Amino acid sequence: MGQILLTGGAGYIGSHTYVELVAAGHEVVIVDNFSNARRDVIDRLETITDAPVTFHVGDVLDKAFLADVFARHDFDAVIHFAAKKAVGESVEKPLAYFETNCTGFSNLLMAMQDAGVFRVVFSSTATVYGEPVALPYTEDHRIAPVSPYAQSKVICETLLEQLKASDDRWSYGVLRYFNPAGAHDSALIGEDPNDIPNNLMPYIAKVATGELPHLNVFGDDYDTPDGTGVRDYIHVVDLAQGHVQSVGKLLDHDDTHVLNLGTGTGYSVFDMLRSYERACGKPLPYEIAPRRAGDIDCFFADPATARDYLGFEATRSLDDMCQSSWNWVSRLRNS
């Protein structure tokens, strides 16, 4: 077991990872600027884990803040979530994405180096692969990012690779996520976007609660079984457990790894819509809209390497994702 710094630990994936790390016996410290997370997440985490949460409010762009955090604790490893993550927004605001995602990460790595901490798990994305040459995506698929967001993740992955080449004390885990969805079984933490969601499940959730009038289905003429786009959705708790396994590998063996975290199963837009209807117990309105530029037919992982290397396996189904999401948004709306 170790003491882990969790940057962005109050966010959607970060908060679920905090719970799983604590359950595994790790001591965890959160850093978050709460730019995209609710302050009461800390209280909710304390309720779930039945223990106080140690956290520091600040930004990875603030070098003095980071130095102070490392001076206060004796970390064994870092899991880095603190980043901007919306593909569409990154096209509109590329400078903001490169500043937070790339400069923020390099600041963190410098603070780690100064403190003698050389293990880091990096939150990456399957969007680094770009258009599929072949499916499913394996870790050796061509890297061809098509958005500033994806490009920022490639830059960070490259930085880690070059950093280890310069100093073999470094070890890292790069985890390329597919599509996180769902919420914790307690319904105390989940995905809570501030405005119109970029991702499918929280959008459907807002239709289910009546906050949005209908789901826009962007294209129904793809080369898929029902004509709608197919994606690999992974329950956020499964994803969080992958991070526990990844940091454990670093703590025990200092083994560097680059892995996909997905299920290997593709679900269409209509698959998710029908599953969410079962979860909330009512039909949900939708309208067919034109295709969005850049959207592709299918996008799903080959999870074999993560299974063989970490013992990672996603066990929760699409219905589990939708039911846990509905439980979460229902509680949030009524609280």
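Per an unreviewed UniProt entry, the protein chain goes by the name UDP-glucose 4-epimerase and belongs to Maritimibacter harenae. The Subunit (unreviewed entry) field of the UniProt record for the protein chain holds the comment "Homodimer." In its Cofactor (unreviewed entry) section, the UniProt entry covering the protein chain states "NAD(+)".

## Re helix H7 (residues 200-208)
Most of H7 sits inside the fold, with nine of its nine residues counted as buried. Inspection of H7 places Leu200, Met201, Pro202, Tyr203, Ile204, Ala205, Lys206, Val207 and Ala208 among the buried residues, and these make up the whole buried set. Considering only its buried residues, H7 is in contact with strand S7 (179-181), strand S8 (215-218), strand S10 (233-235), helix H9 (269-280) and helix H11 (318-334). Trailing H7 by a residue or two, glycine 210 shows a phi angle of about 90°, which is positive.

## Examining the sheet that holds strand S6 (residues 171-177)
Pairing is parallel across the open sheet formed by seven strands, whose spatial order is S3-S2-S1-S4-S5-S6-S11. Each having just a single partner strand, strand S3 (54-57) and strand S11 (257-261) make up the two edges of the open sheet. In this sheet, adjacent strand axes meet at a mean angle of 20° when their direction is disregarded. Where strand S1 (residues 3-7) and strand S2 (residues 27-32) come together, five bridges link them in parallel fashion. Among the inter-strand pairings, leucine 6 is bridged to a residue of S2, identified as isoleucine 30. Strand contacts of helix H1 (residues 12-23): S1, S2, strand S4 (77-80) and S6, with the helix running at about 170° to S1, the strand carrying the most contacts.

## Here we look at the pattern of salt bridges
Per the stated rule, a full pass over the model turns up 16 salt bridges. For the salt bridge of aspartate 168 with lysine 164, the shortest nitrogen-to-oxygen distance reads 2.9 Å. Taking relative accessible area as the criterion, aspartate 168 reaches 62% and is therefore assigned exposed. Shared partners join several salt bridges into a network, and the residues in it are Arg38, Asp40, Arg44 and Asp192.

## Overview of the environment of alanine 165
With respect to the element layout, alanine 165 can be found in helix H6 (residues 148-166). Residue classification places alanine 165 among the exposed positions, given a relative accessible area of 70%. The spatial distance from the C-alpha of alanine 165 to the C-alpha of arginine 278 is 51 Å, given a sequence separation of 113 residues.

## Here we look at the state of the cysteines
Going through the model one piece at a time under the given rule, you end up with zero disulfides. You can see cysteine 156 has no disulfide; the closest cysteine sulfur is in cysteine 102, sitting 4.4 Å from it. For cysteine 156, a relative accessible area of 1% gives the class buried. Cysteine 280 carries a free sulfur, and the closest cysteine sulfur to it, the one in cysteine 322, is 9.2 Å from it.

Cut-offs and rules
- Residues numbered from 1 in each chain as written.
- Predicted model: local features only at pLDDT ≥ 70, side-chain atom pairs only at ≥ 80, totals over all residues.
- Heavy atoms only, no water.
- UniProt positions renumbered as here; feature names shortened; annotations may be inferred.
- Buried < 20%, exposed > 50% of the residue type's maximum accessible area, 1.4 Å probe, protein only.
- Helix = DSSP H or I, 4+ residues; strand = E, 2+ residues; numbered from the N terminus.
- Contact = heavy atoms within 4.5 Å.
- Pairing = 2+ DSSP bridges.
- Axes fitted to C-alpha atoms, helices over the stretch in contact; angles between N-to-C directions.
- Salt bridge = Lys/Arg side-chain N within 4 Å of Asp/Glu carboxyl O.
- Disulfide = S-S within 2.5 Å.

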